[in-house]
Amino acid sequence: MTQPPSTARLSEAERVALVKRQKKRDKRTATALSVLGILGFLLLWQAIAASGLLSERFLASPLEIVGLFFVKLVDPSPDGAVLGVNILSSLTVALTGFGLAIVIGIPLGLLMGWYRAFDSFMRPVFEIIRPIPPVSWIPLTIVWLGIDLKAKAFIVFFAAFVPCLINAYTGIRQTNPVLINVAKTCGASNFTIFWKVGCPSAMTMVFAGIRVALGNSWATLVAAEMLAADSGLGYMIIMGRQFARADIVILGIAVIGVIGTLFVALLNVVENRVLGWKKQ
Amino acid sequence: MPRTDLRHNDQARQGASSSMERRMSTPDSDIKVEVRNLTKYFGRLHVLDDISFNIKRGEFVCVVGPTGCGKTTFLNLLTRIYSPTRGDLFIDGESADPKKHNLAFVFQEPSAFPWLTVEKNLRFGLEIKKLAKDVIDERVEMIIKMLGLQDLRDRYPHQLSVSSEQRIIIGRAFAMHPDLLLMDEPYGQMDVKLRFFLEDEVIRLWQELGTTVVFITHNIEEAVYMAQRILILSTKPTTVKEEVVVDLPRPRRFDDPDFVAIRNYVTEKIKWW
Amino acid sequence: MTRTHRFLTMVLCGMLTLTWACAGAFAADPAAEGAKTTFGLKPFAKKQVLRVGFFAGSPLSIPFYIADKEGFFKELNIELKYETFTNGPAMMEANANWDIAGCGLGGLLAGMVGYDIRVIGISDYEKNLALFVRPGSPLSKDMKNPDNWKGTTWLYPLGTTAQATLVAALKNVGLGLKDVKSINMDVASALTGFMGKQGDGLAVWNAIAFTADDKGFVRIADGRNLDVVAPCGTLATQTSLKEKKELLTTAYLVFHLTCQWIKANDANLKKAAQHFLESCQDEGIACTPSIAQRVMEWFAGPPLKKSIDIMTVATTDESGPYKGVPLTQAEREIFAGMDFFISQNKYSGEDKEKIIKNHLIDPAIAEAAKQVMQAQGLAAQ
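All values derive from a computational prediction rather than experimental measurement.

Once that is clear, we can look at the overall build of chain C. When helices and strands are tallied, chain C shows 20 helices and 12 strands. Across chain C, the fraction of contacts at a sequence separation of at least 24, relative to all contacts at a separation of at least 6, is 77%. Roughly 15,300 Å² of accessible area belongs to chain C as shown, and the carbon and sulfur atoms make up 53% of that amount.

On to the sheet that holds strand E6 (residues 153-156) of chain C, then. All names here are of chain C. With mixed pairing, five strands are arranged side by side in an open sheet as E7-E6-E8-E5-E9. The outermost strands of the open sheet, each flanked by one partner alone, are strand E7 (181-184) and strand E9 (218-222). Strand-to-strand, the axes of this sheet are offset by a mean angle of 25°, without reference to chain direction. With two bridges connecting them, E6 and strand E8 (residues 201-205) associate as parallel partners.

If you look at the biggest cluster of nonpolar residues, it comprises 293 residues, and the most contacted ones within it are Ile230(B), Trp149(C), Trp154(C) and Met296(C). With residues up to four places along the chain from it excluded, the contact list for Trp149(C) reads Leu131(C), Leu139(C), Met143(C), Trp154(C), Leu166(C), Ala169(C), Leu170(C), Val173(C), Leu175(C), Asp179(C), Val180(C) and Ile220(C).

Before going further, it helps to spend a moment on the environment of Asp49(B). Among the structural elements, Asp49(B) can be located in strand E2 (residues 45-56). Put simply, Asp49(B) and Lys236(B) are 187 residues apart on the chain and 8.1 Å apart in space, counted from C-alpha to C-alpha.

A few words on the domain arrangement of chain C. Residues and elements named next belong to chain C. Segmenting chain C into domains produces domain 1 (3-126 + 230-376) and domain 2 (129-226). On a C-alpha basis, the centres of domain 1 and domain 2 stand 29 Å from each other. Listed as interface residues are 16 residues of domain 1 and, on the opposing side, 18 residues of domain 2. Of the roughly 1,500 Å² buried between domain 1 and domain 2 on both sides combined, carbon and sulfur atoms contribute 65%. Area buried by domain 1 at its contact with domain 2 is led by Glu126, Trp298 and Phe340, which between them contribute 38% of it. The tally of links between domain 1 and domain 2 comes to one salt bridge. A salt bridge links Asp214 to Arg294; the shortest N-O distance between them is 2.9 Å. The interface formed by domain 1 and domain 2 holds two residue pairs in polar contact (both at pLDDT 80 or more) in total. Taken together, the elements giving at least two residues each to the side of domain 1 that touches domain 2 come down to helix H6 (105-115), helix H16 (289-298) and helix H18 (329-343).

Residues and elements named next belong to chain B. The topology assignment puts Thr267 in helix H9 (residues 257-270). Note on Thr267: relative accessible area 30%, which makes it partly exposed. Residues Thr267 and Glu221, 46 residues apart in the sequence, show an inter-C-alpha distance of 9.3 Å.

Our focus in this paragraph is helix H9 (residues 161-172) of chain C. Residue and element names in this part refer to chain C. Between its terminal C-alpha atoms H9 stretches 17 Å, which fits the 16 Å expected from 12 residues at 1.5 Å a residue. Counted residue by residue, H9 has 10 buried out of 12 residues, so it is predominantly covered. Remark: Gly174 follows H9 within two positions and exhibits a positive phi of approximately 75°.

Below, the discussion takes up the pairing of E8(C). Residues and elements named next belong to chain C. With respect to burial, E8 is a largely interior element, five of its five residues being buried. Neither face of E8 is exposed, since Gly201, Ala203 and Trp205 on one face and Leu202 and Val204 on the opposite face are all buried. Bridge count for strand E5 (residues 129-133) against E8 is five bridges, and the pairing is antiparallel. Bridge pairing in E8 links Ala130 to Val204.

Here the focus is the interface of chain A and chain C. Taken together, the 24 residues of chain A in the interface contact 26 residues of chain C. Across the pair Arg241(A) and Glu93(C) runs a salt bridge whose closest N-O atoms are separated by 2.7 Å. When contributions to the side of chain A that touches chain C are tallied by element, the ones reaching two or more residues are helix H6 (138-145), helix H9 (190-227) and helix H10 (233-242) of chain A. It is H10(A) that contributes the most residues to the side of chain A that touches chain C, five residues altogether. Considering only residue class, the side of chain A that touches chain C consists of 15 nonpolar, four polar and five charged.

What counts, and where the lines are drawn
Residues numbered from 1 in each chain as written. Chains lettered and ligands numbered in written order. Predicted model: local features only at pLDDT ≥ 70, side-chain atom pairs only at ≥ 80, totals over all residues. Heavy atoms only, no water. Helix = DSSP H or I, 4+ residues; strand = E, 2+ residues; numbered from the N terminus. Contact = heavy atoms within 4.5 Å. Areas by Shrake-Rupley, 256 points an atom, 1.4 Å probe, with all protein chains shown as cover. Pairing = 2+ DSSP bridges. Axes fitted to C-alpha atoms, helices over the stretch in contact; angles between N-to-C directions. Core = buried A, V, L, I, M, F, W, Y, C linked by side-chain atoms within 4.5 Å. Buried < 20%, exposed > 50% of the residue type's maximum accessible area, 1.4 Å probe, protein only. Domains from an automatic or database assignment. Buried area = accessible area lost by both parts, 1.4 Å probe. Salt bridge = Lys/Arg side-chain N within 4 Å of Asp/Glu carboxyl O. Polar contact = N/O pair within 3.5 Å; in protein donor to acceptor, adjacent residues only side chain to side chain. Expected span 1.5 Å × (residues − 1). Nonpolar A, V, L, I, M, F, W, Y, C, P; charged D, E, K, R; others polar.

So this is what it looks like as structure tokens:
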């Protein structure tokens, strides 16, 4: 109760409103700063490119990249696919792997975190698999799954699976024991407690995990498309490299970055719905 | 005033089955909760020693005891979070089972579900019990009205003040219409003003709903203010040292000479030095 | 050790030209033999360090390794430091880390166009660019029938000479790249994938191609019968050309004299194969003695005089796209390859003009080597 004297006299509703106003103002400031940051970065980039400090062969300016973006929408050279095809192809790979990681990783993590026996059963296997870099699965992936979508999605899956599982596991482990006891004294079965108390408690951590997983999925995309591809953003980058086209590489990076950002925004929307109780 | 007859009956430390026979031979419909020979060891540490007492239907019992007297263990046994080494707890003559009986618990720590609104918190236990929707609606509405939570029903716990959150927890417990409501120092963290306010709130709910309540506290004044009967626990291994009936009219007054006399008596009994 | 015998070295130069081929044995104990080096080159007074961009698993830069192992560099007071790559463009990106490097046509073009790196020599002609299909498949029975080609899936590294090979084969039956499906895979993965029943065809090179032979896949065409010219080159960075010209010239001489040494007799060829095998094992590339032997047999690194001519002698075409323009053989061959990539929209005409304008196919080192060769009367083939 260390409120300053002025707010101490406010009613609860007024106090809540005041806090809300302050939060809104903070948020506006933060947004303005973010926009300034991005603009500053683009300006600096443009300036470096224009100054000729680096050869334009190595660093295309943001404006050139925007121009190339529109060119690439219809021009398949040098990689042989137009940008739309590359984006769609990468999205299919990344979302398949990422989606599977969520559908498998999160329930598995929750179950492992909740049921001791299941934990003892699964944990050794998981601990062995966990430190393996996703890219090192490539040779086996080819033999097991071929070179199609499923092989590439598998590699992305591994990159996204681990953070999903770990966070779900840690999240449910951190469930407040008092809340578990509340449910227990209500006569809830272990599964009901798992479902009604453990899972909601874990959601904050789960979303943090999904966020990491999303980043990892995108990051592994290039590696997955190195396996074998005839289109895709990673493939476009590899081909840009093959023909020493730094602008194609930068365009690929920029598109991956922008799409990644869109996904994070989308995730925020979902998170706000699920974890809305935290924000209001 | 002390009622030691029950304890004498059990000094032979019979097992649960023989005590059940005896209990059935002397049916007493007025007894809601019966604690028999409750004993708990943690490894070789003897925490509870042969605790026995009865609680009548709708009775308000406070439990007090010196610091570190195993109150928490005692409670966890009553709620079945731990199972006893020996002895048992009976509700309506049956061995207590949280799945069958209605137990409710107000914990010392804030225990509202942070991801549920006020209303959904109130519904939580009732939904676990799988009561009919209209029953749940009715009960929840009643509690919301009694506690004056109408404006806060869609708020989340962290948006509320500490006292409002605790009221929700208390409301949630009463809404269960529990066979036994256990409260573990629910106001331990609060200042005096809030405490008085919530004590009255609990008394009001108890009077209106006729719930059987066991209220654990280290605050003797609080115990005398609320209880019909006070159980005084001893130091470890804990047993019931004495029972004190508080037969004062309500609302009680702290400066009433009878109040002061009982308070002093209980304080004297708790001293172990 | 050779420093004190420099005078004697010069005296013995002439003699050495006659005996260089069997000099490997002498090199084993140079101190006892006195002051001569295997190829009669003048050792550096001060120890030199040459950073080599080494292409693992390929013969195109293997002469560096063989000369190193045989002591040809050491006796000249040159120490080699290897930076190993299995990918040409990656090697070009890392050009700050090497003075001289060798790679295939794809890397040469990326290096010149992207990083202004200069081609100073032609190190090999990759003829073992091969197309494989599975036994029993329609193409294995009749590769002349265009219908057998249409709609097939091919695994190979796009934008490389493997693609040029495939296109040449398609052209023979009146088809183009659009008639088949191409999956980009590096050669090792492509073979693994092909063995895992992926795709209908495989276009790979080198040791991987021999491995594919050994796995029983059917070689339906290769660089020899398709007449694909795939020059591999030696490159140097602008910096090393400016600062280490003498060292680069010596390295160039040793490289091409080692090419001669390799083909001088069967014993040397066998030794070279052994070195190739070792090099593959060092870099973790699958190889067998038989494959190493075949790789070295196919190796076409030009001997010294030939290599200098390729870089320095310009002739004028009577017809074709370069009619009337004097071009060296190196330029003609590299441009022929580049024109293919330009036709596939991988590079532009401006990229080629840049190479011409900036003289990125640079005869300077070959010219310097020619002078040393003439001054010292080195073996000329």
